[in-house]
Amino acid sequence: MSYPFKPDPRLDLVLERVVDAPRELLWKAWTMPEHVKQWFTPKPWLVTDCEIDLRPGGLFRTRMQSPDGRQVNDRHCCYLEIVPNERLVWTDALLPGYRPSGEPFITAVISFQPDGKATRYTATAIHRDEATRKSHEEMGFFDGWGTVADQLAEYVKTI
């Protein structure tokens with residue numbers, strides 16, 4: 001794994017998968033709105049809108065729709081680090097342009113490392129304290145992010 005930090009099990013949640021696809025396809029799926037909309041939330045939820053300004057300080061925003069049609073989770077995040085085909089780091093602690101946000105919850109590190117012809121995909125959710133980490137885990141981090149990772153793995157086969 002190529003992390004600029006060592007995940008702390010008291011504060012961070014880590015999901016890892018080996019995906020049978022080159023990392024360039026996973027990168028494309030994570031960095032183009034038309035692709036993100038296809039896999040980014042566990043079905044039957046939908047991503048109805050996605051904006052990406054792929055640069056440090058740029059916007060990563062998704063809007064989700066519940067199965068009953070409610071629009072939810074219009075979360076604005078700020079990219080912190082972008083290493084093409086290797087790592088994306090974004091946070092909701094900052095808005096685009098590095099402006100502080102009102103209610104930070106997560107910083108995400110998404111990494112793509114070669115694993116033979118496949119890719120080792122690692123998603124790390126970094127939290128400010130143990131209570132927030134525990135809350136995220138109890139909300140279903142492993143089931144939700146695991147389902148999304150499986151959807152991503154299936155989707156990249158269609159790109």
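Residues numbered from 1 in each chain as written. Predicted model: local features only at pLDDT ≥ 70, side-chain atom pairs only at ≥ 80, totals over all residues. Heavy atoms only, no water.

## Things to note about helix H4 (residues 141-155)
Taking 1.5 Å per residue, 15 residues should reach 21 Å; H4 reaches 20 Å between its end C-alpha atoms and fits that length. In the core, the buried residues of H4 are packed alongside strand S1 (12-19), helix H1 (23-31), helix H2 (33-39), strand S9 (118-126) and helix H3 (130-138). (Helix = DSSP H or I, 4+ residues; strand = E, 2+ residues; numbered from the N terminus. Expected span 1.5 Å × (residues − 1). Contact = heavy atoms within 4.5 Å.)

## Considering the pairing of strand S4 (residues 71-83)
Relative to S4, strand S3 (residues 59-65) is paired through 6 bridges, and the arrangement is antiparallel. Looking across to S4, one finds that Met64 is bridged to Val72. From the end of S3 to the start of S4, which pair antiparallel, there are 5 residues, and Gly69 there has a positive phi angle of about 95°. Relative to strand S5 (residues 87-91), S4 runs antiparallel, the two sharing 5 bridges. In the sheet register, Glu81 faces S5, and the bridge partner there is Val89. Linking S4 to S5, which pair antiparallel, is a turn of 3 residues; within it Asn85 sits at a positive phi near 65°. (Pairing = 2+ DSSP bridges.)

## Describing the packing of aromatic side chains
All told, the structure shown has 11 aromatic pairs when counted by the stated rule. With a centroid separation of 5.6 Å and 80° between ring planes, the pair formed by Trp39 and Phe40 is classed as edge-to-face. For the pair Trp39 and Phe40, one class covers both residues: buried. Consider the rings of Phe40 and Phe60, whose centres lie 5.6 Å apart with planes at 85°: the pair is edge-to-face. Of this pair, Phe40 sits in the loop between H2 and strand S2 (46-52) while Phe60 sits in strand S3, and the two are 20 residues apart along the sequence. Both residues of the pair, Phe40 and Phe60, belong to the buried class. Grouped by ring-pair contacts, the aromatic residues Trp30, Trp39, Phe40, Phe60, Tyr79 and Trp90 constitute a single cluster. (Phe/Tyr/Trp six-rings, centres within 6.5 Å; stacked < 30°, edge-to-face > 60°. Buried < 20%, exposed > 50% of the residue type's maximum accessible area, 1.4 Å probe, protein only.)

## Section: the pattern of salt bridges
According to the stated counting rule, one finds 17 salt bridges in the structure shown. Notably, a salt bridge pairs Asp8 with Arg10, separated by 2.7 Å at the nearest N-O pair. Given a relative accessible area of 47%, Arg10 falls into the partly exposed group. For the salt bridge of Asp92 with Arg75, the shortest nitrogen-to-oxygen distance reads 2.3 Å. Of this pair, Asp92 sits in the loop between S5 and strand S6 (94-95) while Arg75 sits in strand S4, placing them 17 residues apart in sequence. (Salt bridge = Lys/Arg side-chain N within 4 Å of Asp/Glu carboxyl O.)

## Some points on the UniProt feature "domain: Activator of Hsp90 ATPase homologue 1/2-like C-terminal" (unreviewed entry) in the protein
UniProt's entry tags residues 20-157 with the feature "domain: Activator of Hsp90 ATPase homologue 1/2-like C-terminal" (unreviewed entry), counted in the numbering of this structure. A helix fraction of 29% and a strand fraction of 39% characterise residues 20-157, whose end C-alpha atoms lie 9 Å from each other. (UniProt positions renumbered as here; feature names shortened; annotations may be inferred.)

## Some details on unusual backbone geometry
In the segment running from Lys43 into Pro44, the intervening peptide bond is cis, with an omega of 20°. Structurally, the position occupied by Pro44 is in the loop between H2 and S2.

## Considering the sheet that holds S9
The antiparallel open sheet is built from 7 strands, whose spatial order is S1-S9-S8-S5-S4-S3-S2. Every other strand in the sheet has two partners, leaving S1 and S2 as the edge strands with one partner each. On average, adjacent strands in this sheet sit at an angle of 20° to one another, irrespective of strand direction. One ladder, built from 9 bridges, connects strand S8 (residues 107-115) with S9; its direction is antiparallel. Residue pairing across strands places Ala108 opposite Ala125, the latter belonging to S9. (Axes fitted to C-alpha atoms, helices over the stretch in contact; angles between N-to-C directions.)

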